[in-house]
Amino acid sequence: MSDQAVLHVKGRVLVGPEDVRDELWVVGGRVSYDRPAGVRDIRTVEGWALPGLVDAHCHVGLGPHGPVDTATAEKQALTDREAGTLLIRDAGSPSDTRWVDDREDLPKIIRAGRHIARTRRYIRNFAHEIEPEDLVAHVAQEARRGDGWVKLVGDWIDRDLGDLAPSWPRDAVEAAIAEAHRLGARVTAHCFAENSLQDLVEAGIDCIEHATGLTDDLIPLFAERGVAIVPTLVNIATFPQLAAGGESKFPQWSAHMRRLHEHRYDTVRSAYDAGIPVYVGTDAGGSLAHGLVAGEVAELVTAGIPPVDALAATSWAARAWLGRPGLEEGAPADLVVYESDPRADVRVLASPRRVVLNGQVVE
């Protein structure tokens, strides 16, 4: 598109769940609600427009065995873009993906640095594997490397116990989270089980990933502290398969994983009902495919979250939480256009009509 070219998006523009406008203009790659004067080169796109979708738990640059090459990372990012995901919170990656920032045709990434895990208590080649006395230093390092987030592995299987167990003692996470906050970063943690959550929340954590262990007695604490959750239900769907694979060696862990899976929808709905912020994340990367954002929104609806709120969890609300604009005047023109109203049926998210990134129609 030339500097003089203008994109006209008409139909219904969902600036917010109730703020619906008839059209917007893209001028110089940015959103405008004023018709530009004296422009002849105009391309028109029609449909229902949403801010570019958010995947708040995604791993660009990560594969099943650790970091991947640039070509593979590019393919991952393009797959997310094709699904309408234009803003990613990369919740831990061993790869340096800063080169993506120079590509106007790839989704914008908010990085959490590399995962920080306990020694031999996470997937090999994914994380910094350290002991508690080194946690503060590594959190400070990743806070400086990231884009305002740090990712901890809050629990994992303890092979001696044969079940999930917390990774860190309370004093270590308190000091580490305080250091991250001092440096201006928020902290999130991978947590499957119940027994790491209270210490992390009381230590000041900002978000919990997966949160399958969230129990009725912990929900008020999360709500009081405003701790968000990113349930990654499309990933939790793999728990029965994981449990079957570990049955012979770790039967207690396998049974635990099945229970967490069985209660997943009730857990998410109870969190939502209590006012806990819930956001969309797929856990793409590692062993899970990219481009699953529509499926995750549908899973939130299956869990009992109203469709408009599930939609907000990947659009208006998610962008506000991450400090990025939606379709406000002057914002970068990152948007997705659909055939019909996604508020009425979130399944339409699976079939974008057009994807516009930095003002360019890319799909």
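Cut-off values and rules
- Residues numbered from 1 in each chain as written.
- Predicted model: local features only at pLDDT ≥ 70, side-chain atom pairs only at ≥ 80, totals over all residues.
- Heavy atoms only, no water.
- Pairing = 2+ DSSP bridges.
- Helix = DSSP H or I, 4+ residues; strand = E, 2+ residues; numbered from the N terminus.
- Buried < 20%, exposed > 50% of the residue type's maximum accessible area, 1.4 Å probe, protein only.
- Contact = heavy atoms within 4.5 Å.
- Expected span 1.5 Å × (residues − 1).
- Arc of directions from axis to C-beta.
- Phe/Tyr/Trp six-rings, centres within 6.5 Å; stacked < 30°, edge-to-face > 60°.
- Lys NZ or Arg CZ within 6 Å of the ring centre and 35° of its normal.
- Axes fitted to C-alpha atoms, helices over the stretch in contact; angles between N-to-C directions.
- Disulfide = S-S within 2.5 Å.
- Parallel < 35°, antiparallel > 145°, perpendicular 65-115°, else oblique.
- Left-handed = near helix turned anticlockwise from the far one by under 90°.
- Core = buried A, V, L, I, M, F, W, Y, C linked by side-chain atoms within 4.5 Å.

**Student:** I'd love a proper account of the sheet that holds strand S20 (residues 360-361), names of residues and values included.
**Tutor:** What the 7 strands build is an open sheet, ordered S3-S2-S1-S4-S18-S19-S20; its pairing is mixed. The sheet is open, and its two edges are formed by strand S3 (30-32) and S20, each paired on a single side. Note: strand S2 (residues 20-27) against S3, 3 bridges, orientation antiparallel. Residue pairing in the sheet places tryptophan 25 in a bridge with serine 32 of S3.

**Student:** So what about helix H10 (residues 293-302)? Which residues, and what values?
**Tutor:** Residues of H10 that are buried: Val293, Ala294, Glu296, Val297, Glu299 and Leu300. Structurally, H10 contributes buried residues whose contacts are with strand S5 (53-58), strand S8 (85-90), helix H6 (233-236), helix H9 (264-273) and helix H11 (307-312). Residue glycine 304 follows H10 closely and has a positive phi angle near 110 degrees.

**Student:** Just give me the short version of the side chain of glutamate 299, but keep the residues and values in it.
**Tutor:** Secondary-structure assignment places glutamate 299 in helix H10. Discounting residues that sit within four places of it in the chain, glutamate 299 has contacts with Leu233, Val234 and Tyr265.

**Student:** Describe in detail helix H1 (residues 70-82), supporting the description with residues and values.
**Tutor:** When the terminal C-alpha atoms of H1 are compared, their 18 Å separation across 13 residues agrees well with the 18 Å that a helix rising 1.5 Å per residue should span. Within the sequence span of H1, burial applies to Ala73, Gln76, Ala77, Asp80 and Arg81. For H1, the arc enclosing every buried residue in end-on projection is 140 degrees, short of the 170-degree limit, so these residues lie on one face. Away from its buried face, by an angle of more than 90 degrees, H1 presents the exposed residues Ala71 and Lys75. On its buried face, H1 sits against S5, strand S6 (62-63), S8 and strand S19 (354-357). Directly after H1, the chain includes glycine 84, whose backbone phi takes a positive value near 95 degrees.

**Student:** Can you break down the packing of aromatic side chains residue by residue, with the values?
**Tutor:** Enumeration over the complete set of coordinates arrives at 6 aromatic pairs. Note on phenylalanine 192 and phenylalanine 239: the rings are 4.8 Å apart at their centroids and 75 degrees apart in plane angle, and the pair reads as edge-to-face. Of the two residues, phenylalanine 192 sits in the loop between strand S15 (186-191) and helix H4 (197-202) while phenylalanine 239 sits in helix H7 (residues 239-246), which places them 47 residues apart along the sequence. Each member of the pair, phenylalanine 192 as well as phenylalanine 239, carries the same accessibility label: buried. Lying over the aromatic face of tyrosine 33, arginine 21 brings its terminal NZ or CZ to 4.3 Å of the ring centre. Here the basic side chain of arginine 264 rests over the ring of tyrosine 265, its NZ or CZ set 4.2 Å away from the ring centre.

**Student:** Report on the sheet that holds S8, specifying residues and quantitative values.
**Tutor:** In sheet architecture, strand pairing relies on hydrogen bonds along the backbone and comes in two forms, parallel and antiparallel. Strand order in the open sheet formed by 3 strands is S5-S8-S9, and the pairing between neighbours is parallel. Across the chains shown, the open sheet's two edge strands, defined by having one partner strand only, are S5 and strand S9 (108-111). If you compare each strand with its neighbour and ignore which way they point, the axes differ by 20 degrees on average. Pairing between S5 and S8: 4 bridges, direction parallel. Bridged to cysteine 58 within S8 is aspartate 90.

**Student:** Can you tell me about the state of the cysteines, naming the residues and giving the values?
**Tutor:** Every disulfide links exactly two cysteines, by a covalent bond between their sulfur atoms. Enumeration over the complete set of coordinates arrives at 0 disulfides. Lacking any disulfide linkage, cysteine 58 is separated from the closest cysteine sulfur, that of cysteine 207, by 15 Å. Here cysteine 58 falls in the buried class, since its relative accessible area comes to 0%.

**Student:** Quick rundown of the packing of helix H2 (residues 135-145) against helix H3 (residues 170-182)? Include the residues and the values.
**Tutor:** The N-to-C vectors of H2 and H3 enclose an angle of 25 degrees; their axes lie 9 Å apart at closest approach. By the angle class used here, H2 and H3 are roughly parallel. For the pair H2 and H3, the crossing hand works out as right-handed. On H3, the residues that touch Leu135, Val136, Val139, Ala140 and Arg144 of H2 are Ala172, Val173, Ala175, Ala176, Glu179, Ala180 and Arg182.

**Student:** Give me the lowdown on the pairing of strand S13 (residues 155-158), citing residues and values where you can.
**Tutor:** Both S13 and strand S14 (residues 163-166) contribute to a ladder of 4 bridges, which runs antiparallel. For isoleucine 157, the partnering residue across the bridge sits in S14 and is leucine 164. Here S13 folds back onto S14, and the loop between the two strands holds 4 residues, one of which, glycine 162, carries a positive phi near 75 degrees.

**Student:** So, the nonpolar core: which residues are in play, and what are the values?
**Tutor:** If you look at the biggest cluster of nonpolar residues, it comprises 61 residues, and the most contacted ones within it are Leu135, Leu152, Ile205, Ile208, Phe222 and Leu300. Tallying contributions element by element places H3 first for this core, with 5 residues. Not counting residues up to four positions away in its chain, the partners in contact with phenylalanine 222 are Leu197, Val201, Ile208, Leu214, Val227, Ile229 and Ile276. The next biggest cluster of nonpolar side chains, apart from the first, holds 18 residues, and it includes Tyr122, Val153, Ala193 and Phe239.

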